[in-house]
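Summary of structural features
Listed here are the chains, written in short residue letters.
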2 protein chains.
Amino acid sequence: MSLLSIPSPADWHVHLRQKPLVYQVAKHVRAGGFKTAYVMPNLVPPITTTEQALEYKGLLHSIDASVEYLMTLYLNPALTPEEIHKAHKAGIAGVKSYPRGVTTNSDGGVESYEIYYPVFEAMQEVDMVLNLHGEVPSNPDTNTCVLNAEETFLPHLHKLHAAFPRLRIVLEHATTLAAVNAVKACGPSVACTITAHHLALTVDDWAGQSFNFCKPVAKFPSDRQALRDVILEGNPKYFLGSDSAPHPLHRKSVSTPNVGCAAGVYTAPILLPLVAHLLESFGALDRLEGFVSTFGRNFYKKLASEGLEHNVTLRRVPEGTAGLIPEKYEEDGEALVPFWAGKPLSWELVPPA
Amino acid sequence: MSLLSIPSPADWHVHLRQKPLVYQVAKHVRAGGFKTAYVMPNLVPPITTTEQALEYKGLLHSIDASVEYLMTLYLNPALTPEEIHKAHKAGIAGVKSYPRGVTTNSDGGVESYEIYYPVFEAMQEVDMVLNLHGEVPSNPDTNTCVLNAEETFLPHLHKLHAAFPRLRIVLEHATTLAAVNAVKACGPSVACTITAHHLALTVDDWAGQSFNFCKPVAKFPSDRQALRDVILEGNPKYFLGSDSAPHPLHRKSVSTPNVGCAAGVYTAPILLPLVAHLLESFGALDRLEGFVSTFGRNFYKKLASEGLEHNVTLRRVPEGTAGLIPEKYEEDGEALVPFWAGKPLSWELVPPA
């Protein structure tokens with residue numbers, strides 16, 4: 001097989017950042033083979049209102065009008081049921097919940113969900129999706145750290161699902177066997193995104209190598225295997241959300257003991273070839289269409305027939321030809337280093353005729 | 001209490017490196033308050049013979065003759081029982097076992113211990129100490145990674161101890177509750193070193209921060225607590241081995257996605273004040289003498305009365321005065337960044353009158 005045709009792939013979790021980085025980053029959605037992007041709201045300040053979301057969408061549209069941007073709000077105490085109804089009418093697709101202090105620009109995130117129950121009730125009513133960054137903040141007193149932050153969160157998922165059984169919930173960027181099993185244990189209203197990089201990395205890859213450091217951190221080989229296995233199963237609850245999260249080169253580097261690097265791995269500009277390469281590496285190439293297109297579109301009720309048609313063709317990179325991931329992308333003096341920089345991929349996009 | 005007198009502290013695990021770094025590093029043993037240093041053999045090439053060890057000892061002596069250097073050999077297939085007898089007669093104190101590929105300059109390390117049984121028999125006979133870097137190499141197929149490399153090694157410790165019950169064995173730089181318990185379960189011929197930095201760090205501290213990355217990696221808060229608890233107990237099987245492991249600044253930094261940083265944390269130049277500071281932070285200051293002096297000397301049968309007397313006085317740093325750990329040490333253009341660079345310590349050495 002040397003050609004693969006993928007109908008309308010969609011990335012259900014992507015960070016497109018704000019000015020000035022957005023001008024470089026937003027264009028990479030198409031570069032990576034996608035025309036549907038579910039856009040995260042963790043800007044500074046975060047996207048908390050319909051107006052902000054629409055303004056941000058306008059900015060993205062002005063950079064690349066060929067992409068369908070599905071917008072989200074940042075869950076916060078000021079969010080009301082009325083705002084949910086307003087957002088829904090404006091076409092906003094979901095609300096993203098961040099745990100306080102865990103990831104990039106999540107200082108305003110949540111610690112307890114009860115205060116949001118009226119908001120979730122409204123979301124359930126209008127069928128808006130709740131996106132969960134499923135980690136609890138580290139706390140030595142409770143033995144919580146980056147390694148068990150996700151597993152420790154899972155009871156919150158079950159509690160939310162029990163309280164709002166019709167609310168569509170996505171557990172984002174699962175990294176553990178425990179998370180995979182938790183989503184399986186839930187009803188059909190709960191799904192799960194998996195990133196490309198978590199199909200490749202384990203803890204050994206980010207130990208001493210900050211460019212592979214992201215949140216949630218990659219964990220044991222057995223956890224990576226659980227992510228691969230659920231894709232091999234063709235389980236439709238699990239689909240691609242890249243969590244592509246660019247940071248400038250200097251924020252991914254570490255040069256002093258007093259400043260840690262930013263958490264995040266940048267996959268958007270190489271996303272579809274990377275996912276094809278990875279799935280093939282563990283024998284799941286025949287699951288590519290479901291994982292990057294059908295499963296997510298079905299869950300989000302955003303079928304390609306709604307004007308989102310965008311067939312993409314991949315071809316196998318002939319042996320001995322280039323096919324290397326660029327060392328970096330650079331625009332206006334800001335360098336972004338992609339995941340697996342300089343490595344070869346087995347697949348590449350066929351440019352549209 | 002504003003003065004502390006410590007009789008003859010000893011560091012039972014230290015890397016003093018080779019030319020040219022050794023000229024800077026060896027002097028830091030005294031700077032950190034120590035005159036007894038148990039010296040690791042992982043140079044390039046490794047110290048595998050009595051001659052090499054004595055030559056290395058001579059080099060160290062030429063840099064600072066006031067320190068007692070206790071030398072070790074690097075366990076390797078060329079090591080014979082005859083060489084053990086020779087080494088013992090020459091005053092060499094121990095043999096260090098490295099797992100293949102796990103840590104700095106350990107490419108020639110071991111994978112299986114059976115081939116060394118004649119060597120261990122000879123070591124038991126002459127009462128030479130076996131120092132174990134207790135980690136197995138990572139292997140995704142067996143779900144082994146930096147997080148469970150130590151725990152996975154522990155059956156090897158028990159097997160060796162059962163085969164050579166009189167052989168003195170030190171499990172080096174324990175980082176887990178499992179390792180602490182494994183050493184407790186062994187007889188009095190098995191002891192354990194604990195570093196200063198593993199009393200401070202958890203996985204969260206090296207996630208995205210390469211200067212805190214070392215092997216074995218710091219693990220869960222509960223593992224750190226187990227190390228603290230065994231010191232609080234005053235258990236004489238557990239004593240200080242700093243594993244002070246300097247690397248040039250550029251090797252601790254990360255500036256590209258394709259080169260990981262070197263594993264190791266540099267504590268030698270600040271060691272005794274750092275240990276006092278840390279023990280006080282978890283209420284174990286009254287265990288300082290046992291941890292840094294008595295327990296290790298008793299196990300190694302190197303009592304201070306053997307000409308190793310060296311009383312050191314620490315004083316509490318007055319509030320509002322400097323007392324900061326240097327940002328770096330620099331000599332001949334080679335910068336070394338100490339652990340906790342720029343942070344304040346509660347204790348400092350009183351210079352000898």
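Residues numbered from 1 in each chain as written. Chains lettered and ligands numbered in written order. Predicted model: local features only at pLDDT ≥ 70, side-chain atom pairs only at ≥ 80, totals over all residues. Heavy atoms only, no water.

If you look chain A up in an unreviewed UniProt entry, it shows as dihydroorotase from Pterulicium gracile. Check the Pathway (unreviewed entry) section of the UniProt entry for chain A; it says "Pyrimidine metabolism; UMP biosynthesis via de novo pathway; (S)-dihydroorotate from bicarbonate: step 3/3." A UniProt comment under Sequence similarities (unreviewed entry) is attached to chain A, and it reads "Belongs to the metallo-dependent hydrolases superfamily. DHOase family. Class II DHOase subfamily." (UniProt positions renumbered as here; feature names shortened; annotations may be inferred.)

Side note on the overall build of chain A
Regarding its fold elements, chain A presents 12 helices and 14 strands. In terms of C-alpha radius of gyration, chain A reaches 19 Å, essentially the compact-globule figure of 20 Å for 353 residues. Across its three principal axes, chain A shows a C-alpha extent of roughly 60 × 50 × 45 Å. Per-residue burial for chain A yields a buried fraction of 60% across its 353 residues. Accessible surface for chain A amounts to roughly 12,900 Å². Of this, 54% is attributable to carbon and sulfur atoms. (Helix = DSSP H or I, 4+ residues; strand = E, 2+ residues; numbered from the N terminus. Rg over C-alpha atoms; globule rule 2.2 N^0.38 Å. Buried < 20%, exposed > 50% of the residue type's maximum accessible area, 1.4 Å probe, protein only. Areas by Shrake-Rupley, 256 points an atom, 1.4 Å probe, with all protein chains shown as cover.)

Observations regarding the packing of aromatic side chains
Residue and element names in this part refer to chain A. Counting across every chain of the model gives 31 aromatic pairs over all chains. Ring geometry for tryptophan 12 against tyrosine 38: centres 5.8 Å apart, planes inclined by 55°, an arrangement best described as tilted. Highlighted residues: tryptophan 12 in strand β2 (residues 10-14) and tyrosine 38 in strand β3 (residues 36-39), separated in sequence by 26 residues. Taking 6.0 Å as the distance between ring centres and 50° as the angle between the ring planes, the aromatic pair formed by tyrosine 113 and phenylalanine 120 counts as tilted. Of the two residues, tyrosine 113 and phenylalanine 120, both sit in the buried class. Aromatic rings pair up to connect Tyr113, Tyr116, Tyr117, Phe120, Phe153 and Phe164 into one cluster. Above the ring of phenylalanine 299, the side-chain terminus of arginine 168 is found at 5.7 Å from the ring centroid. (Phe/Tyr/Trp six-rings, centres within 6.5 Å; stacked < 30°, edge-to-face > 60°. Lys NZ or Arg CZ within 6 Å of the ring centre and 35° of its normal.)

Details of the side chain of arginine 168 of chain B
Residues and elements named next belong to chain B. Along the chain, arginine 168 turns up in the loop between α6 (149-163) and β8 (169-171). Among the polar contacts listed, one links the side chain of arginine 168 to the backbone oxygen of aspartate 127, at a separation of 2.8 Å. Residues within four places of arginine 168 in sequence aside, it is in contact with Asp127, Met128, Val129, Leu130, Ser189, Phe299, Tyr300 and Lys301. (Polar contact = N/O pair within 3.5 Å; in protein donor to acceptor, adjacent residues only side chain to side chain. Contact = heavy atoms within 4.5 Å.)

Structural notes on the pattern of salt bridges
Residues and elements named next belong to chain A. Summed over all chains, the structure comprises 18 salt bridges over all chains. For arginine 168, the salt bridge identified is with aspartate 127, shortest N-O distance 3.0 Å. Of this pair, arginine 168 sits in the loop between α6 (149-163) and β8 (169-171) while aspartate 127 sits in the loop between α5 (117-126) and β7 (129-132), and the two are 41 residues apart along the sequence. We classify arginine 168 as buried; its relative accessible area is 9%. Residue classification places aspartate 127 among the partly exposed residues on the basis of a relative accessible area of 27%. When salt bridges that share partners are traced, they join Asp127, Arg168 and Lys301 into one network. (Salt bridge = Lys/Arg side-chain N within 4 Å of Asp/Glu carboxyl O.)

Topic: the sheet that holds strand β3 (residues 36-39) of chain B
All names here are of chain B. Judged by pairing direction, the sheet is parallel, and its three strands sit side by side in the order β2-β3-β4 without closing on themselves. Looking at the sheet topology across the chains shown, the edges are occupied by β2 (10-14) and β4 (68-70). Sheet twist, expressed as the mean angle between neighbouring strand axes with direction ignored, is 20°. (Pairing = 2+ DSSP bridges. Axes fitted to C-alpha atoms, helices over the stretch in contact; angles between N-to-C directions.)

Considering the sheet that holds β2 of chain A
Neighbouring strands of a sheet are bound in pairs by backbone hydrogen bonds; such pairs are parallel or else antiparallel. Residue and element names in this part refer to chain A. Taken in spatial order, the three strands of this open sheet run β2-β3-β4, and their pairing is parallel. Either end of the sheet is taken by a strand with one partner, and the two such strands are β2 and β4 (68-70). With strand direction ignored, the average angle separating the axes of adjacent strands in the sheet is 20°. Note: β2 against β3, three bridges, orientation parallel. Within β3, the residue paired with alanine 10 across the bridge is threonine 36.

Topic: the state of the cysteines
All names here are of chain A. What the rule picks out here adds up to zero disulfides over all chains. Its sulfur unpaired, cysteine 186 is 10 Å from the next cysteine sulfur, which belongs to cysteine 192. You can call cysteine 186 buried: its relative accessible area is 8%. (Disulfide = S-S within 2.5 Å.)

Considerations on the interface of chain A and chain B
Interface size is commonly expressed as the accessible area that is lost once the parts come together. Contact residues are listed per partner, giving 34 residues for chain A and 34 residues for chain B. Taken together, the two surfaces of chain A and chain B that pack against each other cover about 2,700 Å², and 63% of this comes from carbon and sulfur. By the criterion of area lost to chain B, the three top residues of chain A are Gly208, Val254 and Pro257 of chain A, representing 19% of everything that side buries. The tally of links from chain A across to chain B stands at zero salt bridges. (Buried area = accessible area lost by both parts, 1.4 Å probe.)

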